[in-house]
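Spelled out, the chains give:
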Amino acid sequence: MSSKTLVSLCRKNSSATPRRTLATVSPSIPVSHQKPKIKPTLLTSIILNRSPILTPTPTPFERAYYSYQARLRRALSNPFPYDFYFKQGSILETRFTLEERRRERISFGRQFGIADDLDAEKAAANKAAAEQLAEQEGERDELMPRVHPSDEARDYKSLDRKGRRNLYLLLEAKEGVWRFPQGDVKKGELLHQSAQRDLLAECGERMDTWIVSRNPVGHYKLPKKSSTAKDEIAFFYKAHILAGQVQPNLETVKDFAWLTKQEIESRVPQHYWFGVKDILSDH
Amino acid sequence: MPLPRQPTELGRFGRAPYIRRRLPADIRRKLPRPPVNLRTREYAPCRLGDHYHSTLADNLMYMNYTHTVESSLPPKPDREIRLRWDPANPYSKYRKNEPVGGKRFAEMATEPNTPANIIRLEAVQMHIMIKEAITSRMHLLGVIAALRALSGETEAGGGALAKGVKGVEIVRGKKQVGGWIRSGVPVGAKVTLKGSAMYDLIACLTEFVLPRLREFHGIPMAAPVSGPNAYLPASSNAVKPSDVTGVVSFGLPPEAMSYWPQIEVNQDAYPRMYGMHLHFITNAVGVGAQERARALVSGFQIPFLRKS
C-alpha cells in the first residue's frame, strides 16, 4: 500500500515540482522547534608534575631480601680475575684487595676475609697506601642526605622537597580556592594549544615544561555557580616540569605549592578531589 | 641441637644452620652439591626500574591510549587477514597452520591498551660480529672477553641464570652466502640481559658512552613510510616486519667500546675494539609497535634523530 501511495503522491506532485528520481526521494523531515541546547564552556587545566628525583626507600622486608640475595650472589660468584684487571703489586690492587676482604667480612662473618701470610708491618703499610690513594681521589666525600632542608623547613614552594614522591603544582586562586592551573579555550583554538597557552599565562615562562600528549588525561564538570549559569567542563592535560620554577601571575593567582597526592586532598574542595584523584600517582 | 642464632639486624645473617646430613659431592668440582637449584634474584634496588614504574609506565599508558566512544552496537570484528585453519574444511584439513607472515604480519591489530599490557622492556641484547672469526676462531676470544666484562655474565656465575638468560653465547652463521659466510661457522657472540642487569647496562650506555661519542646527535631513524616526510609514496605500503615487532636496534662504532667503564679500566687487555649491535626487546607487537618501542627507549634518555 505504502509504495503505491508514494508513487501516486509523486505523480500528483510532479506537475508542481521537478520530478525526483528514486535515489534522491526522501520523506520530508519535520523541522523541530526546540531551542538549541546551550553548549558548555570549556576550560583546560594542566596537571604539572615533578617526577621523583630519588629512589624509594626499601622497606625492612626489601632490605633483608636484598641483603640475603647479595650474599648468595657473592657466595656463588666466580673468582675475580685480579691478573686481568690489575698490575701485580700495584697500590690499586692492594686497595681493591683490602676493600674486598672488608666486604667478605661484612657478608659472611669475622672468620672470612682475613689476610693470610702477611706480617703486621707490611699490612699497616698497605693500609696507609690505600687510604692515601682514596683520599687523593676524593673518595672520602660523604653521601648527600635523602631528606632535603626544604623538607625540614616545610617549604612547599621548593622543587627539591619530597624527592621520593611525585609532586604536583597547585595554585591558590584569588577567591582563596586551591586548584590546578587552568584557563579558557579561545574560539577556534584546539584544546592542547589552549593548555599550553593557559599554563604559560598562569605560571610564567621561566620554566621548561613538556605536555605529555595532545589528548586530555581526564575531565571534570565544575559545580554550577547559579541555576541559570552555563555548564563548565575542565579538560586535564598532564605535563612535566624539566627545569626552572613557577612564577605565578598575580592577577589571578595568590599562591602556589608543590604537593603530593595526599597533601592535595587536604587543600582542594571535596568535589574537585573526587574529579582529580584518579589522575594523580600514588608513587 | 643448637638453634640457628637470630640476626641482630635485618642486613646480616645469623649463624649458619646446623647441617644434619652431608650433602652429595659434585665429583667434577669437588664441592658439595646444594639440594635445590640456587638462583639469585634482584640483590639491590634498581634506579631505572623504579623510574619506569613511577614515571614512564604512567606516561606510556597515557600517550598510547586510543579512545573509543562507547556504543550500544556490538564492536566491529577485526578484519580476517587470511583463512583461519579449520579441521572441518576439507581444503585446510591436511594443510599446515602456518603463522601469519610477510606483509600480513605487519597488519596485525594491536591489543587494546590496558594497565596490564603497558609497553615494557623485556630484554637488552648485545651482539658483536667479527668477520675474521670465519678464518680463525681465535679472534672470538677478545669478543667473548669484552662481552663478559660488559655484561658481568660468566659461565654459571651467581648461581643458575634467570629464564631466558644464557650468559655469553656464540653466534653461528645461518645461511651459506658465497664470499661472505657459511652456515654453522662461529662468527660472533651475543649476550642477553634482563632485569636489573639490563637497566644497569642502559645506565652505563646513557651516562658514560653516548655523551662521549663524537659527532653523535641521536640514534638515526629511517624517514616514516607515510605522512608528509615519507620517503616512499603512500601507495607502496612498504611496511617491514621490523616495524611491528617492537624491537629497537642500533649499532655502536668500535670507538664507543673504549667509553664503557668496564672496558676503559684495562683497554690494553683487549686485542682491539669492536663495534656492536644493541637490541632493545619490548613486548609491543602490531601496528605502530616501533613508535611505541622508541617512545619507551627514549624514556631511558636514549635520543632518537629523524633523518629528513
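Residues numbered from 1 in each chain as written. Chains lettered and ligands numbered in written order. Predicted model: local features only at pLDDT ≥ 70, side-chain atom pairs only at ≥ 80, totals over all residues. Heavy atoms only, no water.

Peer 1: Which parts of the structure should I look at to understand the overall build of chain A?
Peer 2: Helix and strand counts for chain A stand at 9 helices and 8 strands. Expressed as a percentage of contacts within chain A between residues at least 6 apart in sequence, the contacts between residues at least 24 apart total 69%. Carbon and sulfur atoms form 55% of the exposed surface of chain A, whose accessible area is close to 19600 Å². (Helix = DSSP H or I, 4+ residues; strand = E, 2+ residues; numbered from the N terminus. Contact = heavy atoms within 4.5 Å. Areas by Shrake-Rupley, 256 points an atom, 1.4 Å probe, with all protein chains shown as cover.)

Peer 1: Explanation requested: the packing of aromatic side chains in the structure shown.
Peer 2: Aromatic ring pairs are defined here through the distance separating the ring centres and the angle between the ring planes. Summed over all chains, the structure comprises 17 aromatic pairs over all chains. Seen from their ring centres, Phe86(A) and Phe96(A) are 5.3 Å apart, and the 40° between their planes marks the pair as tilted. Taken together, the positions of Phe86(A) in the loop between helix H3 (82-85) and helix H4 (91-108) and Phe96(A) in helix H4 put the pair 10 residues apart, joining distant regions of the chain. Each of the two residues, Phe86(A) as well as Phe96(A), counts as buried. Pairwise contacts between aromatic rings join Phe80(A), Tyr82(A), Phe84(A), Tyr85(A), Phe86(A), Phe96(A) and Tyr270(B) into one cluster. If you follow Arg267(A) out to its NZ or CZ, it ends over the ring of Tyr156(A), 4.9 Å from the centre. The ring centre of Trp178(A) lies 4.9 Å from the NZ or CZ of Arg267(A), which sits over that ring. (Phe/Tyr/Trp six-rings, centres within 6.5 Å; stacked < 30°, edge-to-face > 60°. Buried < 20%, exposed > 50% of the residue type's maximum accessible area, 1.4 Å probe, protein only. Lys NZ or Arg CZ within 6 Å of the ring centre and 35° of its normal.)

Peer 1: Can you help me understand the sheet that holds strand E5 (residues 186-193) of chain B in this one?
Peer 2: Strand pairing in a sheet takes place through backbone hydrogen bonds and is either antiparallel or parallel in direction. Residues and elements named next belong to chain B. If you trace the 5 strands from one edge of the open sheet to the other, you get E4-E5-E3-E8-E7, paired in antiparallel fashion. Two strands close off the open sheet at either side, each with one partner strand: strand E4 (168-172) and strand E7 (247-252). Taken pair by pair, the neighbouring strands of this sheet meet at an average axis angle of 25°, ignoring direction. Looking at chain direction, E7 and strand E8 (residues 276-282) are connected through 6 bridges and run antiparallel. Pairing of Val247 across the sheet is with Ile281, part of E8. (Pairing = 2+ DSSP bridges. Axes fitted to C-alpha atoms, helices over the stretch in contact; angles between N-to-C directions.)

Peer 1: Can you walk me through a positive patch on the surface in this structure?
Peer 2: Residues Arg146(A), Arg154(A), Lys162(A) and Arg164(A) make up a contiguous surface patch of positive charge. Relative to the helices and strands, Arg154(A) is located in the loop between helix H6 (149-152) and strand E2 (167-173). (Patch = residues over 30% accessible without salt bridge, like charges linked within 9 Å, V, L, I, M, F, W, Y side chains within 5 Å. Salt bridge = Lys/Arg side-chain N within 4 Å of Asp/Glu carboxyl O. Lys, Arg positive; Asp, Glu negative; His and termini not counted. Charge placed at Lys NZ, Arg CZ, Asp CG, Glu CD.)

Peer 1: Sorry if this is basic, but what is going on with helix H3 (residues 140-151) of chain B here?
Peer 2: An α-helix turns once every 3.6 residues. As a result, residues three or four positions apart point the same way. Residue and element names in this part refer to chain B. With 12 residues, H3 should reach 16 Å at 1.5 Å per residue; the first-to-last C-alpha distance of 16 Å fits that figure. When we look at burial in H3, the residues that qualify are Leu140, Gly142, Val143, Ala146, Leu147, Ala149, Leu150 and Ser151. Following H3 by one or two positions, Gly152 adopts a phi angle in the positive range, close to 75°. (Expected span 1.5 Å × (residues − 1).)

Peer 1: Any chance you could explain the pattern of salt bridges here in plain terms?
Peer 2: Oppositely charged side chains can pair when the atoms bearing their charge come close. All names here are of chain A. Inspection of every chain in the model, using the stated rule, returns 17 salt bridges over all chains. As a salt-bridge pair, Arg161 and Glu263 come within 3.0 Å of each other at their nearest N and O atoms. Note that Arg161 is positioned in the loop between H6 and E2 and Glu263 in helix H8 (residues 261-267), a separation of 102 residues in sequence. Under the relative-accessibility criterion, Arg161 is labelled buried at 4%. Classification of Glu263 by relative accessible area gives buried; the value is 17%. Between Lys277 and Asp278 there is a salt bridge; the shortest N-O distance is 3.6 Å. Look at the salt bridges and you will find they share partners, linking Arg74, Glu100, Arg103 and Glu104 into a network.

Peer 1: What am I meant to see in the interface of chain B and chain A here?
Peer 2: One frequently used descriptor of interface size is the decrease in accessible area upon assembly of the parts. At the interface, 34 residues of chain B touch 37 residues of chain A. Interface of chain B and chain A: buried area, both sides summed, is about 2800 Å²; carbon and sulfur atoms make up 61% of it. One can count 0 salt bridges joining chain B with chain A. Taken together, the links from chain B to chain A amount to 6 residue pairs in polar contact (both at pLDDT 80 or more). Residue composition of the side of chain B that touches chain A, grouped by class: 14 nonpolar, 12 polar and 8 charged. (Buried area = accessible area lost by both parts, 1.4 Å probe. Polar contact = N/O pair within 3.5 Å; in protein donor to acceptor, adjacent residues only side chain to side chain. Nonpolar A, V, L, I, M, F, W, Y, C, P; charged D, E, K, R; others polar.)

Peer 1: What is the right way to look at the nonpolar core in this model?
Peer 2: It is characteristic of soluble globular proteins that their nonpolar side chains tend to be buried jointly. Within the largest apolar cluster, 55 residues are counted, with the highest numbers of intra-cluster contacts made by Ile202(B), Leu205(B), Leu252(B), Met257(B), Trp260(B) and Phe280(B). If you list the elements that add at least two residues to this core, you get helix H1 (47-63), strand E3 (121-129), H3, E5, helix H4 (195-209), E7, E8 and helix H6 (289-298) of chain B. Element by element, the count of residues in this core is highest for H4(B), at 8 residues. Beyond its immediate stretch of four places on either side in the chain, Trp260(B) contacts Met126(B), Leu150(B), Leu201(B), Cys204(B), Leu205(B), Val209(B), Leu252(B) and Met276(B). Listed in part, the 20 residues of the second largest apolar core include Leu169(A), Leu171(A), Val212(A) and Trp258(A). (Core = buried A, V, L, I, M, F, W, Y, C linked by side-chain atoms within 4.5 Å.)

Peer 1: Sorry if this is basic, but what is going on with the confidence of the model for chain B here?
Peer 2: Caution is warranted with low-pLDDT regions, since their predicted coordinates should not be read in detail. Residues and elements named next belong to chain B. Residues with a pLDDT of 70 or more make up 80% of chain B, whose mean pLDDT is 83. Ranking the elements of chain B by mean pLDDT puts helix H2 (residues 102-105) last with 61 and E8 first with 96. Scored below 50 in pLDDT, residues 232-236 makes 2 contacts in the model with residues more than four places away or belonging to other chains. (pLDDT = per-residue confidence, 0-100.)

Peer 1: Explain a nonpolar patch on the surface here, please?
Peer 2: Side chains of Trp210(A), Leu242(A) and Met63(B) sit close together on the surface and give an oily, nonpolar patch of about 300 Å² of accessible area. Examined against the element boundaries, Met63(B) turns out to sit in helix H1. Note on Met63(B): relative accessible area 30%, which makes it partly exposed.

Peer 1: Help me understand the side chain of Ser213(A) in this model?
Peer 2: Within the fold, Ser213(A) resides in the loop between strand E5 (207-211) and strand E6 (218-222). A polar contact of 3.1 Å, which involves the side chain of Ser213(A), links it to the backbone nitrogen of Asn215(A).

Peer 1: Please explain H1(B) as it appears in this structure.
Peer 2: Here H1(B) spans 23 Å end to end across 17 residues, near enough to the 24 Å set by a 1.5 Å rise per residue. Of all the bends in H1(B), the largest measures some 45° and sits at Leu56(B). Residues of H1(B) that are buried include every one of Leu48(B), Gly49(B), Tyr52(B), Ser54(B), Thr55(B), Leu56(B), Ala57(B), Asn59(B), Leu60(B) and Tyr62(B), and no others. The inward-facing, buried residues of H1(B) abut E5 and strand E7 (232-244) of chain A together with H4 and H6 of chain B. (Bend = angle between axes of the 7 residues up to and from the residue.)

Peer 1: Where do I start with the side chain of Asn266(B) in this structure?
Peer 2: Examined against the element boundaries, Asn266(B) turns out to sit in the loop between helix H5 (261-264) and E8. Look past the residues within four positions of Asn266(B) in its chain and what remains in contact with it is Phe84(A) and Tyr85(A).

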